[in-house]
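Each chain, written out:
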Amino acid sequence: MTDDDDTEDEITLAAEYALGLLTSGEAVAFEDVLSVDPEMRDHYAQWAASLTTLTDEIDPVEPPAHLQAQITETLFGPVEAKPSLLARLGIFGPVLGGLVAAVLVLVVLSQTNFLKDGGPTYVAEIAAEDASLLVTARFDPTEGTLQMSREAGTPLAGRSQELWLIVGENPPISLGVWPDGQAQAALAISADVAALLPDGVLAISDEPLGGSPTGQPTGAILGAGAVTLL
Amino acid sequence: MAELSDIETYLSKCAIGDRDAFAALYSATSAKLFGICLRVLGNRAEAEDALQDVFVKIWHNADRYQVNGLSPMTWLITVARNLAIDKLRARKTARGAGLDEAEELPSAAPGPEALAVAASDRVQIVACMAELEPDKSDAVRRAYLEGETYQELAERYGVPLNTVRTWLRRSLIKLKECLSR
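What you see as residue numbers is a count from 1 along each chain, following the sequence as written. Both sets of labels track the order of writing: A upward for chains, 1 upward for ligands. Local features in this predicted model are restricted to residues whose pLDDT is 70 or higher, and side-chain atom pairs enter the listing and the counts only when it is 80 or higher, whereas totals over whole chains, interfaces and linings include all residues. Side-chain measures here rest on the full set of heavy atoms in the structure, leaving out hydrogens and waters.

J.: Is there a simple way to explain the overall build of chain B in this structure?
T.: Looking only at helices and strands, chain B has 9 helices and 0 strands in total. Partly exposed describes any residue whose relative accessible area lies between the buried limit of under 20% and the exposed limit of over 50%, with all areas from a 1.4 Å probe on protein chains only and scaled to the type maximum. Taking all 181 residues of chain B together, 50% fall into the buried category. Working rule for contacts: check all heavy atoms of both residues, and any pair within 4.5 Å makes them a contact. Across chain B, the fraction of contacts at a sequence separation of at least 24, relative to all contacts at a separation of at least 6, is 64%. Per-residue and other accessible areas follow the Shrake-Rupley method at a 1.4 Å probe size, with only the shown protein chains counted as cover for residues. Accessible surface computed for chain B: about 8200 Å², of which carbon and sulfur atoms make up 50%. Helical segments are the DSSP runs of H or I of at least four residues, strand segments are the runs of E of at least two, and each set is numbered from the N terminus.

In structure tokens:
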């Protein structure tokens with residue numbers, strides 16, 4: 001046999017393999033060659049690339065909507081119906097803790113006579129489960145500001161802390177970056193965002209200096225707490 | 001439709017377990033791959049089954065795809081086509097083929113390592129198919145899109161198995177010459 005014949009044999013064999021025309025025994029033998037012979041691999045690769053263009057004429061068809069969920073479940077196991085961002089962040093515990101702690105905040109705030117007239121006042125305690133972060137927040141409707149006080153948890157060196165409002169499944173809304181070196185902060189809140197406060201959770205994340213570069217939390221969630229009506 | 005480079009990005013993220021990238025890959029490619037499964041299998045229930053297998057396989061093999069530097073769409077289409085053909089053949093076998101016949105059935109889809117394809121090698125085959133005699137190009141198409149075996153092709157064209165093998169191999173050489181031009 002000449003070299004040309006050899007090459008032709010290799011080319012047809014690769015094509016037969018790509019088309020699925022070999023018997024299982026032949027295919028296994030071919031795969032053994034394929035794993036050690038770069039030339040054969042090349043032949044096969046070219047056939048596969050060429051043959052897939054035969055599918056260009058096939059129109060895409062949208063698969064039924066339930067299929068994706070089914071595939072996801074097959075691969076990743078059953079999921080609770082649409083876990084919220086909070087659940088995914090694993091901060092449900094602190095949120096519940098926040099609800100309990102909020103009662104405490106209410107008392108503290110009442111005693112210090114923070115209350116002013118002008119609409120509902122909301123409070124939240126943003127806490128880490130291990131108490132490494134503790135921030136109390138109070139929305140002042142007359143000023144349109146969120147008054148914040150950090151009791152524990154200064155930012156890491158060269159990092160900033162950013163405050164977020166999370167409502168249901170929606171992407172977190174940035175309320176601002178904690179001013180450097182301050183224990184107290186007042187963040188201006190627009191009326192639109194203030195309207196979302198009653199249903200929300202406040203969370204603080206660790207971000208690069210100056211805040212998240214993406215507009216969404218990029219670092220660890222340091223603490224979270226549900227907003228409650230004072 | 002997502003750009004090719006997007007699909008490449010999704011696949012490499014799938015390889016490191018990024019489920020969001022997997023969801024994005026699904027959105028970008030499921031209609032194309034479902035279309036292929038549907039074309040091969042001809043019924044929705046089986047095509048849905050096949051598509052599920054396809055994406056499970058894609059998720060599990062996305063890391064090997066990355067290592068081998070494959071052409072993303074060729075790999076995805078090949079996975080879909082091969083799994084759909086496997087199902088089609090399983091159906092045919094279940095419908096009463098004897099053991100002897102089953103032994104002669106071509107093997108399952110090639111393994112992922114075998115699916116190495118460079119994007120630059122992607123060549124339009126359609127024009128070259130047109131250069132073949134109609135029944136020859138028809139046979140290639142039937143083998144690829146309908147998974148027909150030499151045996152089935154021999155029956156279809158009413159010629160001995162060895163004859164169909166010989167003329168199909170010759171056609172493949174011609175096809176290759178045209179594709180290499």
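Read on, since the account is not over.
J.: Mind showing me how you'd approach the overall build of chain A here?
T.: Check the secondary structure of chain A and you find 7 helices and 9 strands. Relative to its 230 residues, chain A shows a buried fraction of 45%. Within chain A, residue pairs in contact and separated by at least 24 positions form 58% of the contacts whose partners lie at least 6 positions apart. Counting every atom, chain A has about 11300 Å² of accessible surface; 57% of that belongs to carbon and sulfur.

J.: What is the right way to look at the interface of chain B and chain A in this model?
T.: Many descriptions give the size of an interface as the accessible area lost when the pieces come together. Counting from both sides, the interface comprises 62 residues of chain B and, opposite them, 46 residues of chain A. Joining two parts hides part of their accessible area as seen by a 1.4 Å probe, and the buried area is that hidden amount summed over both. Taking both sides of the interface into account, the surface hidden between chain B and chain A amounts to around 5000 Å²; carbon and sulfur atoms contribute 63%. By definition, a salt bridge exists where a carboxyl oxygen of Asp or Glu is found within 4 Å of a side-chain nitrogen of Lys or Arg. Between B:R141 and A:E57 there is a salt bridge, with the nearest N and O atoms lying 3.2 Å from each other. Under the rule applied, a polar contact is a pair of N or O atoms within 3.5 Å (in protein, one hydrogen donor and one hydrogen acceptor; residues adjacent in sequence only if both atoms are side-chain atoms). There are 11 residue pairs in polar contact (both at pLDDT 80 or more) connecting chain B and chain A. Only helix 2 (19-41), helix 3 (44-68), helix 4 (72-94), helix 7 (134-146), helix 8 (150-157) and helix 9 (161-180) of chain B provide two or more residues apiece to the side of chain B that touches chain A. Looking at which element gives the most residues to the side of chain B that touches chain A, the answer is helix 2 of chain B, with 12 residues. Its residues assigned to classes, the side of chain B that touches chain A comprises 33 nonpolar, 11 polar and 18 charged. Think of it as three bins: nonpolar holds Ala, Val, Leu, Ile, Met, Phe, Trp, Tyr, Cys and Pro, charged holds Asp, Glu, Lys and Arg, and polar takes everything else, Gly as well.

J.: Just checking my understanding: could you explain the state of the cysteines for this structure?
T.: What we call a disulfide is simply a covalent bond connecting the sulfur atoms of a pair of cysteines. Residues and elements named next belong to chain B. Throughout, a disulfide means two cysteine sulfur atoms within 2.5 Å of one another. Going through the model one piece at a time under the given rule, you end up with 1 disulfide over all chains. The side chain of C128 participates in a disulfide bridge whose partner is C178; the two sulfur atoms lie 2.0 Å from each other. A torsion of -80 degrees about the S-S bond marks the disulfide between C128 and C178 as left-handed. Taken together, the residues span a long stretch of sequence, with C128 in helix 6 (residues 126-129) and C178 in helix 9 at a distance of 50 residues. For C128, a relative accessible area of 7% translates into the label buried. The class for C178 is buried, based on a relative accessible area of 9%.

J.: Mind showing me how you'd approach the side chain of B:S137 here?
T.: Mapped onto the secondary structure, B:S137 falls in helix 7. Here B:P134 takes part through its backbone oxygen, which lies 3.1 Å from a polar atom of the side chain of B:S137.

J.: It is not clear to me how the confidence of the model for chain A should be interpreted in this structure. Could you clarify?
T.: Any residue range with low pLDDT should be treated as having predicted coordinates unsuitable for detailed reading. Residue and element names in this part refer to chain A. Each residue carries a pLDDT value, the predictor's own confidence for that position, ranging from 0 to 100. Scored by pLDDT, chain A has a mean of 76; 79% of the residues are at 70 or more. At the low end of the mean pLDDT range in chain A sits helix 6 (residues 92-111), at 40; at the high end sits helix 4 (residues 66-76), at 92. Low confidence marks residues 91-117, where pLDDT is under 50. Its contacts with residues over four positions away, or in another chain, come to 35 contacts.

J.: How should I be thinking about a negative patch on the surface in this particular structure?
T.: In this scheme, patches are assembled from residues that exceed 30% relative accessible area and form no salt bridge. Like charges are connected within 9 Å, while nonpolar side chains (Val, Leu, Ile, Met, Phe, Trp, Tyr) are connected within 5 Å. Positive charges are assigned to Lys and Arg, negative charges to Asp and Glu, while His and the chain termini are left out of the count. Each charge is placed at NZ for Lys, CZ for Arg, CG for Asp and CD for Glu. Together, A:D4, A:D5, A:D6, A:E8, A:D9 and B:E177 make up a region of like negative charge exposed at the surface. For the negative patch, the leading source of residues is helix 1 (residues 3-19) of chain A, giving 5 residues. Note that A:D4 resides in helix 1. Given a relative accessible area of 59%, A:D4 falls into the exposed group.

J.: Is there a simple way to think about the nonpolar core in this case?
T.: One broad rule of soluble globular proteins: the nonpolar side chains tend to lie buried together. By size, the foremost hydrophobic cluster in this structure holds 75 residues, and its most contacted members are A:W47, B:L33, B:I58 and B:L175. Of all the elements, helix 2 of chain B adds the most residues to this core, at 11 residues. Once you skip the residues sitting within four places of it in the chain, B:L175 turns out to touch A:W47, B:I125, B:C128, B:M129, B:L132 and B:V140. Nonpolar cores are built from buried Ala, Val, Leu, Ile, Met, Phe, Trp, Tyr and Cys residues. Side-chain atoms within 4.5 Å join them into one set. Among the nonpolar cores identified, the runner-up in size contains 24 residues, and A:L133, A:I189, A:L197 and A:L202 belong to it.

J.: Looking at this structure, how should I read the packing of aromatic side chains?
T.: Geometrically, a pair of aromatic rings is defined through the distance of the ring centres and the angle of the planes. Here is the rule: rings of Phe, Tyr and Trp (six-membered ring for Trp) pair when centre to centre is within 6.5 Å. Planes less than 30 degrees apart are stacked, more than 60 are edge-to-face, and the remainder are tilted. Under the defined criterion, the tally for this structure stands at 8 aromatic pairs over all chains. Ring geometry for A:F76 against B:F22: centres 6.0 Å apart, planes inclined by 85 degrees, an arrangement best described as edge-to-face. Here A:F76, found in helix 4, pairs with B:F22, found in helix 2, and the two come from separate chains. Assessed through its relative accessible area of 4%, B:F22 is described here as buried. Ring centres of A:F76 and B:W59 lie 4.9 Å apart, and the angle between their planes is 80 degrees; on these two criteria the pair is classed as edge-to-face. With A:F76 in helix 4 and B:W59 in helix 3, this residue pair bridges two chains.

J.: Mind showing me how you'd approach the environment of A:G215 here?
T.: All names here are of chain A. Here G215 shows up in the loop between strand 7 (201-208) and strand 8 (221-226). Separated by 43 residues in the primary sequence, G215 and P172 place their C-alpha atoms 8.7 Å from one another. The residues contacting G215, other than those within four sequence positions of it, are W164 and P172.

J.: Looking at this structure, how should I read the pattern of salt bridges?
T.: Close approach of charged atoms allows side chains of opposite charge to pair. Residues and elements named next belong to chain B. This model, assessed by the stated rule, comprises 14 salt bridges over all chains. Residue R39 pairs with E146 through a salt bridge whose shortest N-O separation is 3.3 Å. Of this pair, R39 sits in helix 2 while E146 sits in helix 7; the two residues are 107 residues apart in sequence, bridging distant segments of the chain. With relative accessibility at 30%, the residue R39 sits in the partly exposed group.

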